[in-house]
Amino acid sequence: MAANGSPAAPTGTRPGRPRSEESRAAVLRATSELLHEVGLRAMTTEQIASRSGASKATIYKWWTNKYSVAVDAFLSEMMAESADPDTGSAQADFRSVLRGLIHFYAGPSGRVFAQLIGEGQSDPLVRVELRERLVEPRRQLMRTIWDRGVARCELRADVDPDAAKLQWRLPLDLLAERELGADQHRLHAIDGQLLLLT
């Protein structure tokens, strides 16, 4: 992931001519639509090509398979909902990112994520894509926010950030439950836990 929290270049891409950002955006948009309409397994590269206007050959120059495209499309959606806010306050940044994630996963994208996870359980290549393209970048984003907070003396430098992250697992457990009514209560708990770290 880049320093500003934007997604890094996909590890599952193949070398080729520089991407046309317009074509890339069209492919990711078409993939996102198909993921919501027909699902991951039913979606085909032919459908992506037809809807996006890009040829299959072009898609395969940029991505190794439809799962690589799906992960990229999912990540683009997630970053739009939960990008690095860099508000000047670590507490506000953490709260904004976690609220964005809960909102994102509790909506239709949560079902897409469940499909990606399910596919990753049986396909090691998908599992690697998810770990390298989704899990690690989110961890890095949280660490970036943490480091900024320490540098601004908002967070205690003597607290292990990996141990602190365990305090935030409780609200994130909500993502699987879809208990939207409990969001605000658990997000208030995040605020209290962050105050203990300042």
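Our subject in this report is the structure included herewith. Predicted model, so just to flag it, every value in this text is computed and none were measured.

### Observations concerning the overall build of the chain
1) Next: Helix and strand counts for the chain come out as 10 helices and 0 strands.
2) Next: Written out in order from the N terminus, the α and β elements of the chain read α-α-α-α-α-α-α-α-α-α.
3) Next: Taken over 198 residues, the chain has a buried fraction of 43%.
4) Next: The long-range fraction of contacts in the chain, counting pairs at least 24 apart against all pairs at least 6 apart in sequence, stands at 70%.
5) Next: Carbon and sulfur atoms provide 54% of the accessible area of the chain, an area that totals close to 10100 Å².

### What to know about the packing of helix α6 (residues 108-122) against helix α7 (residues 124-151)
1) Next: Contact pair α6 / α7: the axes reach a minimum separation of 5 Å and the direction vectors enclose 130 degrees. With respect to each other, α6 and α7 are oriented oblique. Here F113, L116, I117, E119, G120, Q121 and S122 of α6 lie close against α7, whose contacting residues are P124, V126, R127, L130 and L134.
2) Next: Class assignment of the residues belonging to the contact of α6 with α7 gives a composition of 7 nonpolar, 3 polar and 2 charged.

### Comments concerning α7
1) Next: Between its terminal C-alpha atoms α7 stretches 38 Å, which fits the 40 Å expected from 28 residues at 1.5 Å a residue.
2) Next: The largest bend in α7 amounts to roughly 35 degrees and is located at R131.
3) Next: The distance from a side-chain oxygen at the start of α7 to the backbone nitrogen of L125 is 2.9 Å, and the residue carrying that oxygen is D123.

Parameters at a glance
Residues numbered from 1 in each chain as written. Predicted model: local features only at pLDDT ≥ 70, side-chain atom pairs only at ≥ 80, totals over all residues. Heavy atoms only, no water. Helix = DSSP H or I, 4+ residues; strand = E, 2+ residues; numbered from the N terminus. Buried < 20%, exposed > 50% of the residue type's maximum accessible area, 1.4 Å probe, protein only. Contact = heavy atoms within 4.5 Å. Areas by Shrake-Rupley, 256 points an atom, 1.4 Å probe, with all protein chains shown as cover. Axes fitted to C-alpha atoms, helices over the stretch in contact; angles between N-to-C directions. Parallel < 35°, antiparallel > 145°, perpendicular 65-115°, else oblique. Nonpolar A, V, L, I, M, F, W, Y, C, P; charged D, E, K, R; others polar. Expected span 1.5 Å × (residues − 1). Bend = angle between axes of the 7 residues up to and from the residue. Polar contact = N/O pair within 3.5 Å; in protein donor to acceptor, adjacent residues only side chain to side chain.

Purely geometric numbers; function is a separate question.
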